[in-house]
Amino acid sequence: MQTKRDLISKLHDVDRNSYPAYKQLKGSYDMVDFVLNIDHVQGDPFASPSMLSVFISGAKAGFPKHLYETKEKKIALENLLLRWFSGEMKKYAFREKGSGKSGFMGAASPGPENLPRTGCEISVHGDVLVRFEVGFPANGRRIQSNGLEKILLSYIPKIVSSTLVYEGAKEQKYLEVANLAEDQAYIREQLKTMDLVAFVANGAILPRESGVSSRPMKDAIPFKTPETMEVEMNLPHFGTMKGMGIPKGITMIVGGGFHGKSTLLKALEVGVYNHVLGDGREYVITDETAMKIRAEDGRSIQKVDISMFINNLPNGKDTKSFSTPDASGSTSQAANVVEAMEAGSRLFLVDEDTSATNFMVCDELMQQVVHRDMEPITPFSDTVLEIYHSTGISTVLVAGSSGSFFYSADKVIQMLDYKPVDITERAKQFAGQYPHPTKEADSLEFPDFSKTRIWRKMADAKERVKMKVVGRDTISINKETIDLRYVEQLVEQGQLSGLAQIIWFIRTHYFTEQISMKEMVDRVEELMEKERFHKIASGNISGNWVVPRRQEIFACLNRWR
């Protein structure tokens with residue numbers, strides 16, 4: 001391995017040369033306390049910044065095993081270190097001036113969710129690897145190596161020593177993060193043993209500062225559980241905690257406008273991820289397989305069996321292998337349900353406001369006017385209970401205008417001034433005064449997910465690929481676009497960047513094999529389990545990628561036109 005002295009010598013050699021001479025720096029350098037890797041050098045000062053990483057051995061990083069011994073603790077510590085590292089980098093960014101992106105210094109900056117990332121990775125031995133970007137300084141298109149020398153030999157060592165090396169003075173903060181991760185993991189396990197799909201702790205702050213902010217709202221009303229739904233958990237570190245346990249089955253959330261129905265549902269949506277202390281939702285824990293289901297007009301559907309919901313179309317179109325480039329509200333929501341089942345979801349999260357009305361309900365009067373024999377749609381209200389009894393998939397549904405689900409609901413929660421009230425008995429009494437909508441549908445025939453549904457040819461792994469991600473909305477792969485605007489549990493752009501890598505890997509390795517989509521995703525997850533993107537990445541690994549859930553991998557594949 002090259003040394004720090006070698007790096008200094010090279011920097012002096014390339015000074016004032018044309019910018020491409022910077023490429024001579026690519027390689028690894030022993031900086032005594034850590035290894036500096038220059039993984040990719042930008043070709044121009046105006047191009048995307050250069051990609052670098054630092055590696056610190058477990059012996060030198062010094063983090064005690066108890067801080068990262070479980071998967072949840074390791075991810076929490078990685079996110080903590082990356083937040084610190086990113087914050088320190090911002091202090092040094094652009095101190096060295098020049099043309100283009102000269103002097104830029106940046107690393108991924110995690111949000112309130114603790115997610116498995118490429119930005120920081122800790123090995124089983126406590127080795128720490130952090131990836132980041134630097135804009136190599138230039139004057140015009142001439143190298144300014146004295147500026148880069150300050151960045152690589154002064155700024156980065158200071159940042160590394162202050163953030164990535166264990167400090168006894170920070171022990172309480174490390175423990176706080178590790179203990180929270182262990183408590184969150186404990187609650188997730190308790191959901192299974194207590195037959196719950198979600199838990200919301202008393203005192204949780206659910207409202208956000210604004211529609212574009214993930215910060216908790218100031219002066220928000222803390223969550224308070226109705227007595228009839230209160231459960232108690234004895235957490236390893238927090239101790240006794242009480243909160244609302246949402247049981248398996250069918251749960252309705254009702255109430256007037258602006259009383260907190262959708263706010264509660266949104267908290268449950270992101271409860272599939274662990275949150276940091278102070279977020280307000282750190283003890284809102286949802287079954288990690290939960291999937292938000294909504295209508296998605298115009299989405300692409302490829303060979304999906306939606307016959308359990310839609311059949312006998314007037315044009316005779318096959319709904320056991322349904323395809324369309326431009327789905328309607330009802331067909332898109334039907335496909336979303338089926339695809340979530342295929343992805344292994346155990347909980348559907350549904351909001352009436354973002355659903356197709358004709359997919360959700362068909363009231364008694366409408367059934368009399370338009371007989372069921374003339375209606376190709378079997379509404380979700382008629383199937384939700386059978387789905388639960390036959391597959392074990394629960395549903396949490398927000399409803400503000402239709403009472404059709406009262407007949408199937410096991411629990412009915414009314415949100416009143418952001419406070420939940422259990423009105424199950426009262427709702428059932430009122431429902432009994434109205435005729436139950438007639439159900440004439442046959443028993444459901446569930447799709448066979450062992451069947452293959454390959455619709456693309458396998459691509460050449462050596463083919464040059466260009467990937468682009470726009471916010472949390474869109475992935476572009478070689479001019480092909482995947483629209484993910486309505487996959488609402490994606491919380492960071494890094495998840496889309498990770499999805500782009502996964503989709504391309506599947507396209508270049510599995511699309512000629514006669515295997516099911518489930519098996520494709522299983523294979524990818526197995527490859528990523530220990531080394532994340534190392535075995536599937538196309539080119540250098542960026543520090544801005546996040547490992548997505550399998551549910552989002554399925555969603556991305558299914559929306560690929």
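As the structure is a computational prediction, the values presented were derived from the model and not from experiment.

Position of Lys4 relative to the elements: it lies in helix H1 (residues 4–14). Note on Lys4: relative accessible area 36%, which makes it partly exposed. Taking C-alpha positions, Lys4 is 57 Å from Val304, a pair spaced 300 residues apart along the chain.

So, about the layout of surface pockets. When its volume is computed, the largest pocket comes out at roughly 1400 Å³. Considering the residues around the largest pocket, the lining is formed by 45 residues, among which Lys71, Ile75, Pro116, Glu529 and Val547 are closest to the centre. When residues of the lining of the largest pocket are assigned to their parent elements, the largest contribution, six residues, is made by helix H5 (residues 171–193). Residue composition of the lining of the largest pocket, grouped by class: 18 nonpolar, nine polar and 18 charged. A volume near 1200 Å³ is recorded for the second largest pocket.

Overall, the coordinates contain 17 aromatic pairs when judged by the stated rule. Relative to Tyr174, the ring of Trp84 lies with its centre 5.9 Å away and its plane at 55°, an arrangement referred to as tilted. Residue Trp84 is located in helix H3 (residues 71–92), and its partner Tyr174 is located in helix H5; the two are separated by 90 residues in the primary sequence. Trp84 gets classed as partly exposed once you look at its relative accessible area, which sits at 22%. A relative accessible area of 2% means that Tyr174 is categorised as buried. Members of the aromatic cluster, connected to one another through ring pairs, are Phe63, Trp84, Tyr166 and Tyr174. The ring of Tyr155 has Arg95 sitting right over it, with the charged end atom 5.8 Å from the ring centre. The ring of Trp84 carries Lys170 above its face, with NZ or CZ at 4.5 Å from the centroid.

The six strands are arranged S19-S22-S23-S16-S24-S25 in an open sheet whose pairing can be described as mixed. Bordering the open sheet on either side are strand S19 (291–293) and strand S25 (419–422), each of which pairs with just one other strand. Neighbour-to-neighbour, the strand axes of the sheet open up by a mean angle of 25°, direction not taken into account. For strand S22 (residues 347–351) and strand S23 (residues 394–398), the ladder comprises five bridges, and the chain directions are parallel. Paired with Leu349 across the strands is Val396, a residue of S23.

This next bit is on empty space enclosed by the protein. Under the criterion given, the structure shown has four cavities of 30 Å³ or more. Of the voids in this model, the largest cavity is the one considered here, and its volume is about 140 Å³. What lines the largest cavity is a set of 18 residues, and nearest its centre among them are Met291, Lys292, Asn336, Ala555 and Arg559. Of all the secondary structure elements, the ones that give two or more residues to the lining of the largest cavity are S19, helix H7 (329–342) and helix H14 (550–558). With four residues, the top contributor of residues to the lining of the largest cavity is H14. In terms of residue class, the lining of the largest cavity is made up of eight nonpolar, four polar and six charged. Taken as a whole, the second largest cavity spans an internal volume of roughly 60 Å³. Lining the second largest cavity, in full, are Met51, Leu52, Gly106, Ala107, Ala108, Arg131, Phe132, Glu133, Ile541, Ser542, Gly543 and Asn544. Looking at the lining of the second largest cavity, the elements that each hand over two or more residues are strand S4 (50–56) and strand S8 (128–134). No other element matches the three residues that S8 contributes to the lining of the second largest cavity.

Let us now look at the side chain of Asp351. By the secondary structure assignment, Asp351 is in strand S22. Within the buried core, Asp351 has no salt-bridge partner, and the shortest N-O distance to an opposite charge, that of Lys292, equals 5.3 Å. Within polar-contact distance, the side chain of Asp351 engages the backbone nitrogen of Asp353 at 3.0 Å. Beyond its immediate sequence surroundings of up to four residues, Asp351 is in contact with Ser262, Leu265, Lys292, Ile293 and Val398.

Let us look at the pairing of strand S11 (residues 196–201). Across the six residues that make up S11, a large majority, six, are buried. Here S11 runs beside strand S15 (residues 239–247); their pairing, made up of five bridges, is antiparallel. Bridge pairing in S15 links Val200 to Met244.

Glancing now at the sheet that holds strand S14 (residues 230–235). Pairing is antiparallel across the open sheet formed by four strands, whose spatial order is S14-S15-S11-S18. One side of each edge strand has no neighbouring strand; the edge strands of this open sheet are S14 and strand S18 (284–286). The mean angle between the axes of side-by-side strands here comes to 35°, regardless of whether they run parallel or antiparallel. Sheet topology places S11 next to S18; three bridges connect them, and they run antiparallel. Looking at the pairing, Phe199 lines up with Ile285 of S18.

Looking now at the environment of Met31. Inspection of the secondary structure puts Met31 in the loop between strand S2 (27–30) and strand S3 (35–40). Classification of Met31 by relative accessible area gives buried; the value is 7%. Between the C-alpha atom of Met31 and that of Gln2, which follows or precedes it by 29 residues, the distance is 9.1 Å. When neighbours within four sequence positions are excluded, Met31 is seen to be in contact with Lys4, Leu7, Leu36, Leu152 and Leu153.

Quick look at helix H13 (residues 517–531) now. For H13, built from 15 residues, the straight-helix expectation of 21 Å at 1.5 Å per residue is met to within 8% by its first-to-last C-alpha distance of 22 Å. Those residues of H13 not exposed but buried are Met517, Met520, Val521, Val524 and Met528. Looking down the long axis of H13, one finds its buried residues gathered within 85° of arc, a one-sided arrangement. Away from its buried face by more than 90 degrees, H13 exposes Glu526, Glu529 and Lys530. Buried positions along H13 lie against H7, helix H12 (493–509) and H14. With its phi angle positive at about 50°, Arg532 sits one or two positions after the end of H13.

Quick notes on the rules
Residues numbered from 1 in each chain as written. Predicted model: local features only at pLDDT ≥ 70, side-chain atom pairs only at ≥ 80, totals over all residues. Heavy atoms only, no water. Helix = DSSP H or I, 4+ residues; strand = E, 2+ residues; numbered from the N terminus. Buried < 20%, exposed > 50% of the residue type's maximum accessible area, 1.4 Å probe, protein only. 1 Å grid on protein atoms, 1.4 Å probe; cavity = no way out; pocket = protein on both sides within 12 Å on 5 of 7 lines; lining within 4 Å. Points joined across faces, edges and corners; volume = space filled by probe spheres on them. Nonpolar A, V, L, I, M, F, W, Y, C, P; charged D, E, K, R; others polar. Phe/Tyr/Trp six-rings, centres within 6.5 Å; stacked < 30°, edge-to-face > 60°. Lys NZ or Arg CZ within 6 Å of the ring centre and 35° of its normal. Pairing = 2+ DSSP bridges. Axes fitted to C-alpha atoms, helices over the stretch in contact; angles between N-to-C directions. Lys, Arg positive; Asp, Glu negative; His and termini not counted. Salt bridge = Lys/Arg side-chain N within 4 Å of Asp/Glu carboxyl O. Polar contact = N/O pair within 3.5 Å; in protein donor to acceptor, adjacent residues only side chain to side chain. Contact = heavy atoms within 4.5 Å. Expected span 1.5 Å × (residues − 1). Arc of directions from axis to C-beta.

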